[in-house]
Amino acid sequence: PDGAAIDKVEDGCVVHRGTPFYSKEEVHDLAARAADLQIDLAIHAMGNCAIDGVLDAYEHVRRSGSEHSLLRIEHAFVAEKRQADRMADLGVDLVAQPGLAYDWGSLFEDWRGEGQDHLQVMPMRSMIDAGVRVSLASDYPCGPYDPAHIMYVAVTRKMANGGRIEHEEAISAAEALRCYTANAAAALGREELEGSIEPGKRGNALVLDRDIVQGDPDDIRNMRVDMTF
């Protein structure tokens, strides 16, 4: 079976593939209990069915008055563009791991399947354009740990086999840098402390050996850190 909880369309009918770890009812219950305890939430969801289940639970959390709670979806490897609008409306963060696509992109494309035009693989462009705050992460040890390599894949959408995985979902180098700094800090509830260079924040800064924003996107993964402050 597919490795993600996906609703596909076959012969005009919706057909479910994959097995969720929790049922939608269990996710709803856990999210509601966490919200009552004022616990921020981060739930893994791979596949549009799984994402819908988590968003249903998060909508209940928002309606219950937890408008300031941090709500995150991890992964969203196979999603629908319509889900990006819903995530933005609910103020849900996406923590994505594009580095996994370098070695495993073909697997994710197999999960989606042929003729499933309503599904996108790692839809970071769609998410950002819809207003979703996106952060980048490694999911190590399942994927590469090096932030330079992960940003490189997010920008170029290149895979180890030489192909590209849904190039229209590529993001810019400047966006990738923000996803790994300011957005990541906000997804942790630490935007007042770090993530950008501003008065009053911690002086965490790197000096790189090249300009990864204006330079060749293929060169991003070769960057090195000259100094750390």
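A brief report on the enclosed structure follows.

Scoring rules and cut-offs
- Residues numbered from 1 in each chain as written.
- Predicted model: local features only at pLDDT ≥ 70, side-chain atom pairs only at ≥ 80, totals over all residues.
- Heavy atoms only, no water.
- Salt bridge = Lys/Arg side-chain N within 4 Å of Asp/Glu carboxyl O.
- Buried < 20%, exposed > 50% of the residue type's maximum accessible area, 1.4 Å probe, protein only.
- Axes fitted to C-alpha atoms, helices over the stretch in contact; angles between N-to-C directions.
- Helix = DSSP H or I, 4+ residues; strand = E, 2+ residues; numbered from the N terminus.
- Left-handed = near helix turned anticlockwise from the far one by under 90°.
- Contact = heavy atoms within 4.5 Å.
- Nonpolar A, V, L, I, M, F, W, Y, C, P; charged D, E, K, R; others polar.
- Parallel < 35°, antiparallel > 145°, perpendicular 65-115°, else oblique.
- Lys, Arg positive; Asp, Glu negative; His and termini not counted.
- Polar contact = N/O pair within 3.5 Å; in protein donor to acceptor, adjacent residues only side chain to side chain.

Focus: the pattern of salt bridges
Move 1: Taken as a whole and judged by the stated rule, the model has 17 salt bridges.
Move 2: With its nearest N and O atoms 3.0 Å apart, the salt bridge here joins Glu-80 to Arg-82.
Move 3: On the accessibility criterion, Glu-80 (12% relative accessible area) is buried.
Move 4: For Arg-82, a relative accessible area of 43% translates into the label partly exposed.
Move 5: Asp-209 is the salt-bridge partner of Arg-210, the closest N and O atoms lying 2.8 Å from each other.
Move 6: Since its relative accessible area comes to 33%, Asp-209 is described here as partly exposed.

Section: the packing of helix α1 (residues 24-36) against helix α2 (residues 48-63)
Move 1: Contact geometry for α1 and α2: axes closest at 9 Å, N-to-C directions at 35°. Crossing of α1 against α2: the hand is right-handed. Along the contact surface, α1 presents Lys-24, Val-27, His-28, Ala-31, Ala-32 and Ala-35, while α2 presents Cys-49, Gly-53, Val-54, Ala-57, His-60 and Val-61.
Move 2: Taken together, the residues of the contact of α1 with α2 break down into eight nonpolar, three polar and one charged.

Some words on the packing of α2 against helix α3 (residues 81-90)
Move 1: Interaxial distance between α2 and α3 falls to 10 Å at its minimum, and their mutual angle equals 20°. Judged by the angle between their axes, α2 and α3 are roughly parallel. Along this stretch, α2 crosses α3, giving a crossing that reads as left-handed. Residue-level inspection shows Asn-48, Ile-51, Asp-52, Leu-55, Asp-56, Glu-59 and Arg-62 of α2 in contact with α3, the latter providing Arg-82, Gln-83, Arg-86, Met-87 and Leu-90.
Move 2: Residue composition of the contact of α2 with α3, by class: four nonpolar, two polar and six charged.

Concerning the side chain of Arg-62
Move 1: Structurally, Arg-62 can be placed in helix α2.
Move 2: Buried and unpaired, Arg-62 has Asp-93 as its nearest opposite-charge partner, separated by 6.5 Å.
Move 3: A distance of 2.7 Å separates the side chain of Arg-62 from the backbone oxygen of Ser-66, its partner in a polar contact.

Let's talk about unusual backbone geometry
Generally, phi is negative for residues other than glycine and the peptide bonds are trans, each holding for most cases.
Move 1: Put simply, Tyr-140 and Pro-141 share a cis peptide bond, and its omega is 10°.
Move 2: Mapped onto the secondary structure, Pro-141 falls in the loop between β8 (134-136) and α6 (147-156).
Move 3: Despite not being glycine, Met-122 shows a phi value in the positive range, around 50°.
Move 4: Tracing the chain through its elements places Met-122 in the loop between β7 (120-121) and α5 (124-130).
Move 5: For Met-122, a relative accessible area of 5% puts it in the buried group.
Move 6: At Asp-139, a position not held by glycine, the phi torsion is positive, near 60°.

So far we have only geometry, and geometry alone does not tell us how the molecule works.
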